[in-house]
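Coordinate inspection notes
Each chain is listed here by its residues.
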Amino acid sequence: MKRVFLIVLDSVGIGEMPDAAEYHDEGSNTLLAASRSPYFSMPNMRSLGYFNIDGVHIGGKEANPKGAFARLTEVSKGKDTTIGHWEIAGVISSHPLPTFPNGFPQEIIEEFEQKTGRGVLCNRPYSGTDVIRDYGKEHMETGKLIVYTSADSVFQVAAHEEVVPIEELYRDCQIARNMLTGKNGVGRVIARPFAGEYPFVRTSNRHDFSLMPPKTTMLDLLKKNGYDTISVGKIYDIFAGDGVSESNRTTGNDNGMQVTKEMQNRDFNGLCFVNL
């Protein structure tokens with residue numbers, strides 16, 4: 001086998017896991033919820049055997065599936081993108097990354113304000129689209145950064161591209177990344193730029209600043225042994241660039257699959273790791 005394409009449909013869950021209650025995820029089933037849409041259509045995934053997986057009670061089973069399929073249970077503690085991808089790459093996390101359901105401690109916010117030279121708005125768990133709707137106007141008037149979190153281990157910073165230039169926003173997020181270590185070491189600091197007029201729209205200039213993996217990963221081993229390790233989407237960000245020989249940023253899922261298809265025509269020797 002010369003080439004492997006590993007494509008992660010990030011957050012497309014097929015039902016709750018045994019520890020779902022620990023993360024307030026009881027009853028979660030993203031695929032089932034999506035299947036209720038009149039626009040739902042996954043003929044290729046069905047033909048591979050996706051609907052044949054235990055617990056996937058949608059559509060019809062495929063009599064002669066083209067692929068192999070299985071239902072897996074995460075061993076690591078935690079539920080976020082970073083922990084999940086680390087485990088795919090061979091790193092089992094015995095402790096979940098920290099979350100901040102009541103917002104970040106005031107001393108963190110004050111240090112962030114002092115180091116960036118900008119004030120902070122929000123500082124609580126929020127939907128990414130709702131937060132720019134509710135705080136975007138005040139941000140435009142004051143220049144303060146919108147800081148928010150979620151159920152995941154993330155420190156997210158939203159700013160309008162005309163108020164805070166992209167490079168400044170990235171610098172501010174790197175400042176936060178350098179601050180958030182140890183007990184406050186969130187999995188990702190995420191730049192969330194937006195643009196346009198109220199109620200605003202998020203742009204494709206998102207950038208994730210991740211923790212370095214704590215141990216050697218599959219990517220490290222492949223690269224060390226001379227194999228190509230090609231990232232498509234935010235894989236490079238998730239692993240903080242560690243073990244990645246080539247990064248291909250994307251603007252969304254359509255672009256991600258377009259880049260992946262282009263990779264099929266390349267004569268590489270190793271792994272193409274894709275995040276959608």
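Attention in this report is confined to the structure presented alongside it.

Quick notes on the rules
- Along every chain, residues carry numbers that run from 1 in the direction the sequence is written.
- The model is predicted, so local features are restricted to residues of pLDDT at least 70 and side-chain atom pairs to those at 80 or more, both for listing and for counting; the totals for chains, interfaces and linings are taken over all residues.
- Processing note: side-chain calculations cover all non-hydrogen atoms of the structure and skip hydrogens and water entirely.
- Among buried residues, those of type Ala, Val, Leu, Ile, Met, Phe, Trp, Tyr and Cys that are joined through side-chain atoms within 4.5 Å constitute a nonpolar core.
- Accessible area is worked out with a 1.4 Å probe on protein chains only. A residue is then buried under 20% of its type maximum, exposed over 50%, and partly exposed in between.
- A helix here means a DSSP run of H or I that spans at least four residues, while a strand means a run of E at least two residues long, and both kinds are numbered starting from the N terminus.
- Any two residues whose heavy atoms approach within 4.5 Å are treated as being in contact.
- Paired strands, in this sense, are two strands between which DSSP finds at least two bridges.
- Under this scheme, a helix contributes an axis fitted over its contacting stretch, all axes are lines through C-alpha atoms, and angles between N-to-C directions fall in the 0 to 180 degree range.
- An angle below 35 degrees is read as roughly parallel, one above 145 as roughly antiparallel, one from 65 to 115 as roughly perpendicular, and any other as oblique.
- For a crossing to be left-handed, the near helix must be turned anticlockwise from the far one by less than a right angle; the clockwise case is right-handed.
- Between the rings of Phe, Tyr and Trp (Trp by its six-membered ring), a pair exists once the centres lie within 6.5 Å; its type follows the angle of the planes, with under 30 degrees stacked, over 60 edge-to-face, and the other angles tilted.
- In plain terms, two cysteine sulfur atoms within 2.5 Å form what is called a disulfide here.
- Distance thresholds for patches are 9 Å for like charges and 5 Å for nonpolar side chains (Val, Leu, Ile, Met, Phe, Trp, Tyr), applied to residues having over 30% relative accessible area and no salt bridge.
- Computed with a 1.4 Å probe, the accessible areas rest on the Shrake-Rupley method; for each residue, only the protein chains presented here act as cover.
- The salt bridge definition used is simple: a Lys or Arg side-chain nitrogen within 4 Å of an Asp or Glu carboxyl oxygen.
- Any helix carries an expected span of 1.5 Å times its number of residues minus one.

A word on the nonpolar core. In this structure, F104, F112, V147, F155, V157 and V189 are the most contacted members of the largest nonpolar core, which totals 24 residues. If you list the elements that add at least two residues to this core, you get α4 (106–116), β3 (145–149), β4 (154–160), α6 (166–179) and β5 (188–195). If we skip the residues at most four places from it in the chain, V147 touches F104, I109, F112, V120, L121, C122, N123, R124, F155, Q156 and V157.

Negative phi characterises most residues that are not glycine, and trans characterises most peptide bonds. Residues Y198 and P199 are joined by a peptide bond in cis, for which omega reads 10 degrees. Within the fold, P199 resides in the loop between β5 and β6 (201–202). A positive phi angle, near 75 degrees, is found at S11, a position not held by glycine. Mapped onto the fold, S11 is located in the loop between β1 (3–8) and α1 (30–35). By relative accessible area, S11 is classed as exposed at 57%. Phi at N123 is positive, roughly 55 degrees, even though this residue is not glycine. Mapped onto the secondary structure, N123 falls in strand β2 (residues 120–125). Judged by its relative accessible area of 16%, N123 falls in the buried class.

Let us now look at the side chain of T217. One can find T217 in the loop between β7 (207–210) and α7 (218–224). Contact partners of T217, with chain neighbours within four places excluded, come to A89, V91 and F239.

A separate point is the sheet that holds strand β8 (residues 228–232). Remark on secondary structure: sheet strands pair via backbone hydrogen bonds, oriented parallel or antiparallel. Within the open sheet, the four strands sit side by side as β1-β10-β8-β9. Their pairing is parallel. A single partner strand is all that each edge strand has here, and the edge strands are β1 and β9 (246–248). Sheet twist, expressed as the mean angle between neighbouring strand axes with direction ignored, is 15 degrees. Both β8 and β9 contribute to a ladder of three bridges, which runs parallel. By the bridge assignment for β9, S231 is matched with S247. Contacts from helix α9 (residues 253–264) reach β1, β8, β9 and β10 (270–275), with the element oriented near 170 degrees to β1.

Buried residues dominate β8, accounting for four of its five residues. Across five bridges, β8 lies against β10 in parallel orientation. Looking at β10, one finds that I230 is bridged to C272.

So, about the packing of α4 against α6. Between α4 and α6, the least distance of the axes is 10 Å, while the angle of their chain directions is 140 degrees. It follows from the interaxial angle that α4 and α6 lie oblique. Considering how the two elements wind past one another, α4 and α6 form a crossing that is right-handed. Where α4 abuts α6, its residues I108, E111, F112, K115 and T116 lie against R171, D172, I175, A176 and M179.

For the structure shown, the criterion picks out eleven aromatic pairs. Measuring from ring centre to ring centre gives 4.7 Å for F100 and F104, while their planes differ by 40 degrees; the resulting arrangement is tilted. The class for F104 is buried, based on a relative accessible area of 4%. Aromatic ring contacts, followed pair by pair, group F100, F104, F112 and F155 into a single cluster.

Counted according to the given criterion, the structure contains zero disulfides. Here C122 stays free of any disulfide, with the sulfur of C173 as its closest cysteine sulfur at 15 Å.

In this fold, N184 is placed in the loop between α6 and β5. Judged by its relative accessible area of 17%, N184 falls in the buried class. The residues touching N184, leaving out its near neighbours within four places in the chain, are P98, F100 and I108.

Together, I7, L9 and V12 make up an exposed nonpolar region whose accessible area comes to about 190 Å². Considering the arrangement of structural elements, one finds V12 in the loop between β1 and α1. In this structure V12 comes out as partly exposed when scored by relative accessible area, which is 32%.

Before going further, it helps to spend a moment on α6. Between its first and last C-alpha atoms α6 spans 20 Å; for 14 residues at 1.5 Å apiece the expected length is 20 Å, and the two agree. Burial within α6 is extensive, with ten of its 14 residues counted as buried. All of the buried residues along α6 are I166, E168, L169, Y170, D172, C173, I175, A176, R177 and M179. Along its buried surface, α6 packs onto α4, β3, β4, β5 and β7.

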